[in-house]
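Okay, here's what each chain looks like letter by letter:
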Amino acid sequence: MPLVRDAKTLSHKAVCSMRMAMGTFNSYDDDGRICSVLLHLQHACEMLLKAVLVQNKVKVFDDKSGKSIGFGRCLDLCRQHHGLTEIEAGTMRMIDALRDAEQHWFTIVEEDLLYLHTRALITVFDAYMKRALALDLSSRIPARILPVSTKPPGGFDFLIDREYKLITDLLKPGKRKRDEARARIRGLLAMEGLVVDEVQISEKDINRIEKAAKARKKLGEVFPRLNTIVSGMEGDGPAVVVRFSKKEGAPVRFVAGDDPQAAAALREVDLQKKFYLGASELAKVLKLTGPRAVALRRSLKIDEDATCRHTFEFGKAKHDRFSDNARKKMKAALEEGIDMDLVWQEHGPGRRRKQRPHANDGVKPKVA
């Protein structure tokens, strides 16, 4: 399908920002280089996501404000409905978090880590643009301007471990390097965007990580989420391809940012952003009526799963909200051909009333 006019314009802007990011990455000037690279990479992602949404006739302007929707909303829509994978979304989210930390305060990203992140983003950008818009990056950006580094990075595990050891060293008494250590902590927190739906870096998080690092806590205790990520690299020179992926591991426990009992620096996901779907919205997304959506939820035990449903209490009022986990489980069941008529018979509203006793139940019927 040929691109509609706005999608063509937005995709062109995306590629232009990518070209600017690559030109800055390979430039001679170090002043403002990291900030500029991250700004252009994030803008390239947002323009690509909006191009995909426009091409699929999705509204990208908010009805109330009249302004175009932000990066986070674009990312969620493309992830939920337009083929953006979890790892691709995580890579874009990480770049956005790094950009936010650098633009609104300051952070430190070592050269080999910046190269790894940039290469991973290029890989994701190119793959998604090919799938969603049938466009390729190689015909629009000469290979000679793609990022080239004289410091080829090691694996993600090695780089994160090295960074954390440096942070603990900077925080030793007498070093007078606390600001640099906190800037590096900010960079590591931003990388959690690879595995969480929302990244918000607060001073409470940084304070607790600083305290944990001073107490010589291990990396796995302080950044358990980063321990679930591995990187793979193929090719060399301008043809390098970098992909992040998840490895199996124990579930991560979330604690509040200011929990005094928390030894490790784990952050709590904003629950209202994680559980963002009401019951009617969930039914609408799945193209089910409200009652049939309730029946399917009961059948799959969605309401009993803490990762799928959360009840918010506002005074005496209680509101059930659902996460992407609920949507995915229900959608998967529908795509696998679950018999909704049978689900309705067994779990539809009113089907949970206590059944009348049978003659062989050993219960004597009441005599009028």
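Residues numbered from 1 in each chain as written. Predicted model: local features only at pLDDT ≥ 70, side-chain atom pairs only at ≥ 80, totals over all residues. Heavy atoms only, no water.

Caption draft 1: Quick peek at the state of the cysteines. On inspection of all chains with the given rule, the structure shows 0 disulfides. Free cysteine: Cys 74, not disulfide-bonded; nearest cysteine sulfur from Cys 78 at 6.7 Å. (Disulfide = S-S within 2.5 Å.)

Caption draft 2: Molecular detail of the packing of aromatic side chains. Tallying each qualifying case throughout the model produces 3 aromatic pairs. Ring centres 6.2 Å apart and planes at 50° place the aromatic pair Phe 25 and Tyr 115 in the tilted group. Of this pair, Phe 25 sits in helix H1 (residues 5–25) while Tyr 115 is found in helix H5 (residues 111–133), placing the two residues 90 residues apart along the sequence. Taken individually, Phe 25 and Tyr 115 each receive the classification buried, so the pair is uniform in this respect. Here Tyr 164 and Phe 223 contribute two aromatic rings whose centre-to-centre distance is 6.4 Å and whose plane-to-plane angle is 80°, an arrangement assigned as edge-to-face. (Phe/Tyr/Trp six-rings, centres within 6.5 Å; stacked < 30°, edge-to-face > 60°. Helix = DSSP H or I, 4+ residues; strand = E, 2+ residues; numbered from the N terminus. Buried < 20%, exposed > 50% of the residue type's maximum accessible area, 1.4 Å probe, protein only.)

Caption draft 3: Representation of the confidence of the model for the protein chain in the model. In the predicted model, the protein chain carries a mean pLDDT of 81, and the fraction of residues at 70 or more is 79%. Least confident of the elements in the protein chain is strand S2 (residues 241–246), whose mean pLDDT is 62; most confident is helix H2 (residues 33–55), at 95. With pLDDT under 50 throughout, residues 249–269 is counted as low confidence; its partners more than four residues away or in other chains account for 43 contacts. (pLDDT = per-residue confidence, 0-100. Contact = heavy atoms within 4.5 Å.)

Caption draft 4: Just the packing of H2 against H5, in detail. Look at H2 against H5: their axes get within 11 Å of each other, and the N-to-C directions meet at 15°. Regarding the angle of H2 to H5, the classification is roughly parallel. When you trace H2 past H5, the crossing you get is left-handed. Along its contact with H2, which presents Arg 33, Ile 34, Val 37, Leu 38, Leu 41, Ala 44, Cys 45, Leu 48, Leu 49, Ala 51, Val 52 and Gln 55, the element H5 presents Glu 111, Leu 114, Thr 118, Leu 121, Phe 125, Tyr 128, Met 129, Ala 132 and Leu 133. Taken together, the residues of the contact of H2 with H5 break down into 17 nonpolar, 2 polar and 2 charged. (Axes fitted to C-alpha atoms, helices over the stretch in contact; angles between N-to-C directions. Parallel < 35°, antiparallel > 145°, perpendicular 65-115°, else oblique. Left-handed = near helix turned anticlockwise from the far one by under 90°. Nonpolar A, V, L, I, M, F, W, Y, C, P; charged D, E, K, R; others polar.)

Caption draft 5: Structural view of the pattern of salt bridges. Under the definition given, this model contains 30 salt bridges. Its salt-bridge partner being Lys 172, residue Asp 169 comes within 3.3 Å of it at the nearest N-O pair. Linking Lys 214 and Glu 210 is a salt bridge whose minimum nitrogen-to-oxygen distance equals 3.2 Å. In this pair, Lys 214 and Glu 210 are both assigned in helix H8 (residues 203–214), 4 residues apart and thus about one turn of the helix distant. Note on Lys 214: relative accessible area 47%, which makes it partly exposed. The exposure class assigned to Glu 210 is buried, which follows from its relative accessible area of 4%. Because the salt bridges share partners, they merge into one network encompassing Asp 76, Arg 79, Glu 86, Asp 324, Arg 327 and Lys 328. (Salt bridge = Lys/Arg side-chain N within 4 Å of Asp/Glu carboxyl O.)

Caption draft 6: Local environment of the environment of Lys 130. Relative to the elements of secondary structure, Lys 130 occurs in helix H5. Sequence-distant contacts of Lys 130, defined by excluding residues within four places in its chain, comprise Leu 135 and Asp 136.

Caption draft 7: Just the nonpolar core, in detail. Formed by 73 residues in total, the largest nonpolar core has its most connected members in Met 18, Leu 48, Leu 49, Met 92, Phe 125 and Phe 223. Counting residues per element, this core draws most heavily on H2, at 12 residues. Once residues lying within four places of it in the same chain are set aside, the contact partners of Leu 49 are Phe 71, Cys 74, Leu 75, Cys 78, Leu 84, Met 92 and Tyr 128. By size, the runner-up hydrophobic cluster in this structure holds 16 residues, among which are Leu 286, Ala 293, Leu 296 and Met 340. (Core = buried A, V, L, I, M, F, W, Y, C linked by side-chain atoms within 4.5 Å.)

Caption draft 8: Structural detail: unusual backbone geometry. The backbone of Arg 176 sits at a positive phi, close to 55°, despite the residue not being glycine. Turning to its location among the elements, Arg 176 is positioned in the loop between helix H6 (156–170) and helix H7 (178–190). With a phi close to 60°, Lys 301 is a non-glycine residue in the positive phi region. Structurally, Lys 301 can be placed in the loop between helix H12 (290–300) and strand S3 (309–314).

Caption draft 9: Representation of the environment of Met 92 in the model. Looking at the secondary structure, you find Met 92 in helix H4 (residues 86–104). Separated by 28 residues in the primary sequence, Met 92 and Ala 120 have C-alpha atoms spaced 9.2 Å apart. When near neighbours in sequence (up to four residues on either side) are disregarded, Met 92 contacts Cys 45, Leu 48, Leu 49, Phe 71, Leu 75, Leu 84, Leu 121 and Val 124.

Caption draft 10: Representation of the side chain of Gln 55 within the structure. Mapping Gln 55 onto the fold places it in helix H2. With sequence-adjacent residues up to four places away left out, Gln 55 is seen in contact with Met 1, Pro 2, Leu 3, Val 4, Ala 7 and Leu 133.

Caption draft 11: A look at helix H3 (residues 71–81). Turning to H3, its buried residues number three or more, namely Phe 71, Cys 74, Leu 75, Leu 77, Cys 78, Arg 79 and Gln 80. On the buried face of H3, the contacting elements are H2, H4, H5 and helix H13 (324–335). One or two positions beyond H3, positive phi appears at Gly 83, with a value near 80°.

Caption draft 12: How the structure looks around the side chain of Gln 42. Turning to its location among the elements, Gln 42 is positioned in helix H2. Looking at Gln 42, its side chain comes within polar contact range of the side chain of Asp 96, at 3.0 Å. (Polar contact = N/O pair within 3.5 Å; in protein donor to acceptor, adjacent residues only side chain to side chain.)

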